[in-house]
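Here is what each chain is made of, one letter per residue.
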Amino acid sequence: MHRSPSRLTESGKAFADDHPGSLGIAISEAVETAAQDPATKYALGSVLNHVLLHQTVIGQEAVLQLAKAGEDSVDLVVGCAGGGSNFAGLAFPFLREKLAGRLSPRVLAVEPSSCPTLTRGEYRYDFGDTAGLTPLMKMHTLGHDFVPSPIHAGGLRYHGMAPLVSHVVDQGLVEATALHQRECFEAAIEFARTQGVVPAPEASHALAQVRREALAAREAGTSPVIVVGLSGHGLLELGAYEAFLAGRLEDDPLSDDDLAEALRGVPAVG
Ligand SMILES: Cc1ncc(COP(=O)(O)O)c(C=O)c1O
């Protein structure tokens, strides 16, 4: 196993040793390695539409579990979105139910304010990796050479978004919002204390948004049924929790200038 950017590929060597890396760079390194070795195959873990569909087992089970629990309505479905796979895996079966008129939830994707692909990116063709080795995909993008600040939700540090997730956001079927990491860690700690599960920093984005929604509902005197995706545990991320509790974590929103600069790298198509 090697950290990215590594010294083993041309895509990795293009960056300095202390570079914070990104999912886009790691994908370039993996594609480059696989392309040069006939015995090596590369399977992308997120972003591509078939990966999203594969993960819909999550939402299909959730729909059945709610029915079994006697819930005949769902008001809100929330997941974090990096490349889009856990979000779509949970949300798409609920969207199916919504489009068929059987359920009518709001569906909401949550991303980091420092990597706000759906909320501030442009919907256009771009590469899925930093070096431009993948085919072009129509998606929300911050620009394939955008390097997100090194927040702890590493799995959300991706410049693009799966084309199917981008499409349903573009169609208005799914809402998107962006949160800062300190609010997410606060919500994650509250979740760990009340539920006994330490969430992954990625999942904490969904939990923080759900906390907002639940508090607003309490204020309004309503009791919505909310489904939230807990995309992973945080037991390998205790250093991030330690940094948060020691007051060392910063919020690092993307500036308009940095966004405009990153978008300049998106290829002109058509
Ligand atoms: C725990 C966790 N949640 C969410 C994600 C985001 O990926 P995706 O948007 O494909 O679900 C990752 C990615 O590595 C992850 O590790």
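Our subject is the structure listed above.
Figured I'd write up the structure that's included with this text. Just so we're clear, the structure is a prediction, and the values are computed from it rather than from any experiment.

**Examining the overall build of the protein**
Reasoning step 1: From N to C terminus, the protein includes eleven helices and six strands.
Reasoning step 2: Computed over its C-alpha atoms, the radius of gyration of the protein comes to 19 Å, within 12% of the 18 Å expected for a compact globule of 270 residues.
Reasoning step 3: By principal-axis analysis of the C-alpha atoms, the protein measures approximately 55 × 45 × 40 Å.
Reasoning step 4: Here the protein, with 270 residues, has 47% of them falling under the buried criterion.
Reasoning step 5: Sequence-distant contacts in the protein: of pairs separated by 6 or more residues, those separated by 24 or more amount to 69%.

**Points about the nonpolar core**
Looking at soluble globular proteins, one finds that nonpolar side chains tend to be buried together.
Reasoning step 1: Membership of the largest hydrophobic core comes to 64 residues, with the highest contact counts inside it found for Val77, Ala91, Ala109 and Leu207.
Reasoning step 2: The leading source of residues in this core is helix H5 (residues 85–99), at six residues.
Reasoning step 3: When sequence neighbours within four positions are dropped, the list of residues in contact with Val77 reads Leu90, Ala91, Phe94, Pro105, Val107 and Val227.

**Side note on the sheet that holds strand E6 (residues 226–228)**
Reasoning step 1: The strand order E5-E2-E1-E6 describes an open sheet built from four strands, whose pairing is parallel. This sheet does not close on itself; its edge strands, each paired only once, are strand E5 (175–179) and E6. The mean angle between the axes of side-by-side strands here comes to 25°, regardless of whether they run parallel or antiparallel.
Reasoning step 2: Summarising the sheet, strand E1 (residues 76–80) and E6 pair through three bridges and their orientation is parallel. Across the sheet, residue Val78 finds its bridge partner in E6, namely Val228.

**Examining the site of the ligand**
Reasoning step 1: The environment of the ligand is formed by 16 residues, the closest being Ser46, Gly82, Asn86, Gly155 and Gly232.
Reasoning step 2: At the level of elements, H5 and helix H9 (201–220) are the ones that each hand at least two residues to the shell around the ligand.
Reasoning step 3: Across the shell around the ligand, the residue classes break down as six nonpolar, nine polar and one charged.

**With respect to the packing of helix H4 (residues 57–68) against H5**
Reasoning step 1: One can describe the packing of H4 onto H5 by two numbers: an axis separation of 6 Å at closest approach and a directional angle of 55°. The angle between H4 and H5 falls in the class oblique. Helix-helix and strand crossings are classified by hand; for H4 and H5 the assignment is right-handed. The residues of H5 that touch H4, namely those facing Ile58, Gly59, Gln60, Ala62 and Val63, are Gly89, Leu90, Ala91, Phe92, Pro93, Phe94 and Glu97.
Reasoning step 2: Taken together, the residues of the contact of H4 with H5 sort by class into eight nonpolar, three polar and one charged.

**Observations regarding unusual backbone geometry**
Reasoning step 1: For the bond running from Ser4 to Pro5, omega is 0°, close enough to zero to count as cis.
Reasoning step 2: Along the chain, the position of Pro5 falls in the segment before helix H1 (10–13).
Reasoning step 3: A positive phi angle, close to 70°, is found at Val47, a residue other than glycine.
Reasoning step 4: Within the fold, Val47 resides in the loop between helix H2 (23–36) and helix H3 (49–54).
Reasoning step 5: Judged by the 25 C-beta atoms lying within 10 Å of it, Val47 falls in the buried class.

**Side note on the environment of Tyr42**
Reasoning step 1: Positionally, Tyr42 belongs in the loop between H2 and H3.
Reasoning step 2: Looking at Tyr42, the number of C-beta atoms within 10 Å reads 12, which means it is exposed.
Reasoning step 3: When neighbours within four sequence positions are excluded, Tyr42 is seen to be in contact with Ala30, Val31 and Ala34.

**Here we look at the packing of helix H8 (residues 181–195) against H9**
Reasoning step 1: Their axes nearest at 8 Å, the elements H8 and H9 cross at an angle of 85°. As summarised for this structure, H8 and H9 are arranged roughly perpendicular, according to the angle between their axes. For the pair formed by H8 and H9, the contact residues are Glu183, Cys184, Phe185, Ala187, Ala188 and Phe191 on the first element and Pro201, Ser204, His205, Leu207, Ala208 and Arg211 on the second.
Reasoning step 2: For the contact of H8 with H9, the residue count by class is eight nonpolar, two polar and two charged.

**Considerations on the environment of Arg182**
Reasoning step 1: Take Arg182: it is sitting in helix H8.
Reasoning step 2: Setting aside residues up to four positions removed in sequence, Arg182 forms contacts with Phe244, Leu249 and Asp251.

**With respect to the environment of Ile226**
Reasoning step 1: Along the polypeptide, Ile226 turns up in strand E6.
Reasoning step 2: Measuring from C-alpha to C-alpha, the distance between Ile226 and Val78 comes to 7.6 Å, with 148 residues separating the pair along the chain.
Reasoning step 3: If near-sequence neighbours (up to four positions away) are discounted, Ile226 is found in contact with Asp75, Leu76, Val78, Val210, Glu213 and Ala214.

**A word on H8**
Reasoning step 1: Spanning 15 residues, H8 covers 20 Å between terminal C-alpha atoms, matching the ideal 21 Å at 1.5 Å per step.
Reasoning step 2: Among the structural elements, strand E2 (106–112), E5, H9 and helix H10 (238–245) are those in contact with the buried residues of H8.

Definitions and cut-offs
Residues numbered from 1 in each chain as written. Predicted model: local features only at pLDDT ≥ 70, side-chain atom pairs only at ≥ 80, totals over all residues. Helix = DSSP H or I, 4+ residues; strand = E, 2+ residues; numbered from the N terminus. Rg over C-alpha atoms; globule rule 2.2 N^0.38 Å. Buried ≥ 20, exposed ≤ 12 C-beta atoms within 10 Å, placed from the backbone. Contact = placed C-beta atoms within 7 Å. Core = buried A, V, L, I, M, F, W, Y, C linked by C-beta atoms within 7 Å. Pairing = 2+ DSSP bridges. Axes fitted to C-alpha atoms, helices over the stretch in contact; angles between N-to-C directions. Near = placed C-beta within 6 Å. Nonpolar A, V, L, I, M, F, W, Y, C, P; charged D, E, K, R; others polar. Parallel < 35°, antiparallel > 145°, perpendicular 65-115°, else oblique. Left-handed = near helix turned anticlockwise from the far one by under 90°. Expected span 1.5 Å × (residues − 1).

Keep in mind these numbers describe shape, not what the thing actually does.
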